[in-house]
Amino acid sequence: MSRFDRRSFLIAAAAALAAPRLWARPAFAAYPFSLGIASGAPLPDGVVLWTRLAPDPLNGGGLPPATIEVRWEIARDAGFRDIIRHGRALAEPQYAHSVHVEVEGLAPARWYWYRFMAGDAVSPAGRTRTAPPGGATADRLRFAFASCQQYEQGFYAAHRHMAAENLDLVVFLGDYIYESSWGSRHVRKHEGPEPATLEQYRNRYARYKSDADLQRCHAAFPWLVTWDDHEVDNDYANDRSEDLDPNFLVRRAAAYQAYWEHMPLRKQSRPAGPRMQLYGRYDFGGLARFHVLDGRQYRDHQACPRFGRGGSNVIDDLNCPARLERQRTLLGTEQENWLYDGLSASRTHWNIIAQQLLMAQTARTPGPERKFWSDGWDGYPAARARLLQAIAERRPANPLVIGGDVHFNCVSDLRVDFDDTQSPVVATEFCGTSITSQGQAQARLDALRAENPHVCFANGEKRGYVVMDLAEKRCLAQLRVIDSEKAADSPISTLASFVVEGGRPGAEAA
Ligand code: FE
Ligand code: CA
């Protein structure tokens, strides 16, 4: 053996010794697929299948520190008579016995059904769909987007209704879990304190994913996901937490790992310490490109926080000129350049910028002392102007911005300069309401709309999701809302519908 071979051999041998043993014939004390199944990150020839073995989900999972083999099947029919791929994956204790299978070799633009087996247990079946082939003119894409599902504040009736929609895809834009217990009129409770350790974050995901309606919505469609702040800590920015925790990156590493463990993401997203590659591009034939962004991990700290605190503040330009600094970034330089390259290179009819925040400027009080909330894009106006200017110059076809975070439905015309009504509208924004998280007083949103003429619609009274129906020359957006998140059986209705015509940015009431 050469020195190099010998060294590699010793490393491999040591790794084999250190690897957890295989539990060859697992016998589970309770049903191990308690958290359901999911699929995501669809490509024309493949998709990620996800599950996690957790017979005791709220207490660390309830499994020994051993690796467990999980079998998977993917079929062309719901009855699994026509299984076209199957295989084995290892559920490893260091990743909470989660499984991420990257299935390849599938046909484009078609439905598949999948399930898992471990020991004698069989998971529920899920349905998923591959993306259309690259460059092909898919005539239609229907997707829903949603965000913000504080568990204590409501039931997931919105997920149950979303699962019954005729969709190809769900896009989730953050606040999948909440680390904190807050808000009024709780209908159910989180366990334990605010999570800080990996074990605690895992238990919090398990609490959320134990909901049958959420499981139903995962089982119905593939999801694209990004995060916002509450997957880690309210208002965190890069390495800074709300309470200036000096060890925050240790906490962030735990939160990112738990996020990866519970989402249908590829292995390329698996975190290394406090870093995780989440942003990415997904094409749906020649019709749509999704630019999925990460607005948390790389951002500059919020401008002018309150004394001794991190996180958001309400600031004005007289007292906080730092807000306007030109070099401030929300996405980080690398992601910004990656996004601009992706916008330039795009040949699809629609370009969907899928991110976590409200992008439109929303000044809070009239006049020169107008105030801004520093955690959203309003805290990073130079970065927003760069992005909108890049759209104006690179001219990707039909840019649509979708977002969440603010817990109200908001439809806006995005201008490079929001203070100049002659500045061209370069993109259309649809910001969703929340699945459950409480909204803002309508009187305040009415005032906000009056003060910000590029905001066409702002309503925070109802919870729900948005259905986007894309055709080559037209996008129809339907704001779907439930009557009340406090009732598990709440019915659904359409609050308002908007059309965006191809080649003409800006939304019109449908
Ligand atoms: Fe939220
Ligand atoms: Ca948020």
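What you see is a predicted model; the values in this text were computed from it and never measured.

(A) Broad picture of the state of the cysteines. Here the structure, examined in full by the defined rule, presents 1 disulfide. In this model C304 forms its disulfide with C320; the gap between the sulfur atoms is 2.0 Å. Taking the sign of the S-S torsion, about 90° here, the bridge from C304 to C320 comes out right-handed. In this pair, C304 sits in the loop between β13 (288-292) and β14 (314-316) while C320 sits in the loop between β14 and α6 (333-345), placing the two residues 16 residues apart along the sequence. Under the relative-accessibility criterion, C304 is labelled partly exposed at 28%. No disulfide involves C456; its nearest neighbouring cysteine sulfur is the one of C410, lying 8.3 Å away. Judged by its relative accessible area of 28%, C456 is partly exposed. The closest cysteine sulfur to the non-disulfide-bonded C475 is located on C456, 13 Å from its own sulfur.

(B) How the structure looks around the sheet that holds β13. Ordered in space as β12-β13-β15-β17-β19-β18-β20, the 7 strands form an open sheet in which the pairing is mixed. Sheet topology places β12 (280-284) and β20 (455-459) at the edges, where each strand pairs with a single neighbour. Taken over all neighbouring pairs, the strand axes of this sheet differ in orientation by 20° on average, direction set aside. Sheet topology places strand β17 (residues 399-403) next to strand β19 (residues 425-431); 4 bridges connect them, and they run parallel. By the bridge assignment for β19, L400 is matched with T428. Strands in contact with α6 are β12, β13 and β15 (350-354); relative to β13, the strand with the most contacts, it is inclined by about 175°.

(C) Representation of the nonpolar core within the structure. Of all hydrophobic cores here, the largest spans 44 residues; its most connected members are M162, Y176, W223, Y259, L265 and M276. Broken down by secondary-structure element, the contributors of at least two residues to this core are β9 (140-146), α2 (157-163), β10 (169-172), α3 (198-209), α4 (212-220), β11 (223-225), α5 (248-262) and β21 (464-471). The element contributing the most residues to this core is α5, with 7 residues. In this structure W223 touches S39, G40, A41, P42, H159, L169, V170, F172, Y176, L214, C217 and H218, once residues within four positions along its chain are discounted. Counting residues in each nonpolar core, the second largest holds 34 residues, with A41, L173, F457 and F498 among its members.

(D) Looking closely at the packing of α3 against α5. Relative orientation of the contacting elements α3 and α5 amounts to 35°, with a least axis distance of 8 Å. Crossing hand, α3 versus α5: right-handed. Contacts between α3 and α5 involve L198, Y201, R202, Y205 and K209 from the first element and R251, A254, A255, Q257, A258, Y259, E261 and H262 from the second. Taken together, the residues that form the contact of α3 with α5 break down as 7 nonpolar, 2 polar and 4 charged.

(E) Spotlight on the coordination of the iron ion (ligand 1). For the iron ion (ligand 1), the full set of protein donor atoms is C148 (SG), D175 (OD), Y178 (OH) and H407 (NE2), and the range of their distances to it is 2.0 to 2.5 Å. Around the iron ion (ligand 1), the 4 donor atoms sit at angles spanning 84 to 169°, and that spread fits a shape best called irregular. Within one chain, the residues donating to the iron ion (ligand 1) are spaced in sequence as C-x26-D-x2-Y-x228-H. The two metals, the iron ion (ligand 1) and the calcium ion (ligand 2), are separated by 3.8 Å and share D175 as a common coordinating residue. With C148 in the loop between β9 and α2 and D175 in the loop between β10 and α3, this residue pair connects regions lying 27 residues apart in the sequence. In this structure D175 comes out as buried when scored by relative accessible area, which is 1%.

(F) Representation of the coordination of the calcium ion (ligand 2) within the structure. Surrounding the calcium ion (ligand 2) are the protein donor atoms D175 (OD), D228 (OD), D229 (OD) and D405 (OD), at 2.2 to 2.7 Å. All donors to the calcium ion (ligand 2) come from one chain, and their sequence spacing reads D-x52-D-D-x175-D.

(G) Just the domain arrangement of the chain, in detail. For the chain, the domain assignment lists domain 1 (19-129) and domain 2 (141-509). Placing the centre of domain 1 and that of domain 2 at their C-alpha centroids yields a distance of 29 Å. Listed as interface residues are 33 residues of domain 1 and, on the opposing side, 31 residues of domain 2. With both sides pooled, the region where domain 1 packs onto domain 2 buries about 2,600 Å², and carbon together with sulfur makes up 54% of that total. For the domain 1 face of the interface with domain 2, the top three residues by lost area are L58, Y95 and H100, together amounting to 23%. Along the contact surface separating domain 1 from domain 2 lie 2 salt bridges.

(H) Examining helix α8 (residues 442-451) more closely. Where α8 is concerned, the buried positions are Q442, L445 and L448. Each buried residue of α8 lies within a common arc of 110° when the element is viewed along its axis, so the set occupies one face. In α8, the exposed positions that point more than 90 degrees away from the buried face belong to A443 and A450. Looking at the packing, one finds that the buried side of α8 touches β20.

(I) Layout of α5. Given a rise of 1.5 Å per residue, 15 residues ought to cover 21 Å, and the 21 Å separating the end C-alpha atoms of α5 matches this to within 8%. Counting buried residues in α5 gives 13 out of 15 residues, a clear majority hidden from the surface.

(J) Region of the structure containing the layout of surface pockets. A volume near 590 Å³ is recorded for the largest pocket. Contributing to the lining of the largest pocket are 28 residues, with R364, W373, D405, V406 and Q440 lying nearest its centre. A class-by-class count of the residues in the lining of the largest pocket yields 11 nonpolar, 10 polar and 7 charged.

Conventions we followed
Residue positions are given per chain, counting from 1 as you read along its sequence in written order. The lettering of chains begins at A and the numbering of ligands begins at 1, in the order of writing. Note on the predicted model: pLDDT of at least 70 is required for a residue's local features to be given, and 80 or more for side-chain atom pairs to be given and counted; whole-chain, interface and lining totals, by contrast, use all residues. Side-chain measures were taken over the full set of non-hydrogen atoms in the model, leaving aside hydrogen atoms and water. Our working definition of a disulfide is a cysteine sulfur pair at a distance within 2.5 Å. Here a strand is any run of E in DSSP of at least two residues, a helix any run of H or I of at least four, and the numbering for each starts at the N terminus. Burial status follows relative accessibility: with a 1.4 Å probe on protein chains alone, a residue under 20% of its type maximum counts as buried, one over 50% as exposed, and anything between as partly exposed. Pairing between two strands requires that DSSP report at least two bridges joining them. Inter-axis angles, ranging from 0 to 180 degrees, are taken between N-to-C directions of lines fitted to C-alpha atoms, where helices are fitted over the stretch in contact. Only heavy atoms enter the contact rule, under which two residues are in contact if any of them lie within 4.5 Å. We define the nonpolar core as a collection of buried residues of types Ala, Val, Leu, Ile, Met, Phe, Trp, Tyr and Cys that are connected through side-chain atoms lying within 4.5 Å of one another. A crossing counts as left-handed when the near helix is turned anticlockwise from the far one by less than a right angle, and as right-handed when that turn is clockwise. In this classification, the charged set is Asp, Glu, Lys and Arg, the nonpolar set is Ala, Val, Leu, Ile, Met, Phe, Trp, Tyr, Cys and Pro, and all remaining amino acids, among them Gly, are polar. In this listing, donors mean N, O and S atoms no farther than 2.8 Å from the metal, or 3.2 Å for Na, K and Ca; water is missing from the atoms, so a site can look incomplete. Note on geometry labels: four donors, all angles 85 to 135 degrees, give tetrahedral; four donors become square planar and six octahedral when opposite donors are over 155 degrees apart and every other angle is between 65 and 115; remaining cases are irregular. Start and end positions for the domains come from either an automated domain assignment or a database one. When two components associate, each loses some accessible surface as probed by a 1.4 Å sphere; the sum of these losses over both components is called the buried area. Basic side-chain nitrogens of Lys or Arg form a salt bridge, by our definition, when they fall within 4 Å of a carboxyl oxygen of Asp or Glu. What the arc covers is the set of directions going from the helix axis to the C-beta atoms. Take the residue count of a helix, subtract one, and multiply by 1.5 Å to get its expected span. Buried and open spaces are told apart on a 1 Å grid over the protein atoms alone, a cavity being a set of points where a 1.4 Å probe fits but cannot get out and a pocket being an open set with protein on both sides within 12 Å along at least five of seven lines. Residues with an atom within 4 Å of a point are the lining residues. Grid points are joined across faces, edges and corners, and a volume is the space filled by probe spheres set on the points.

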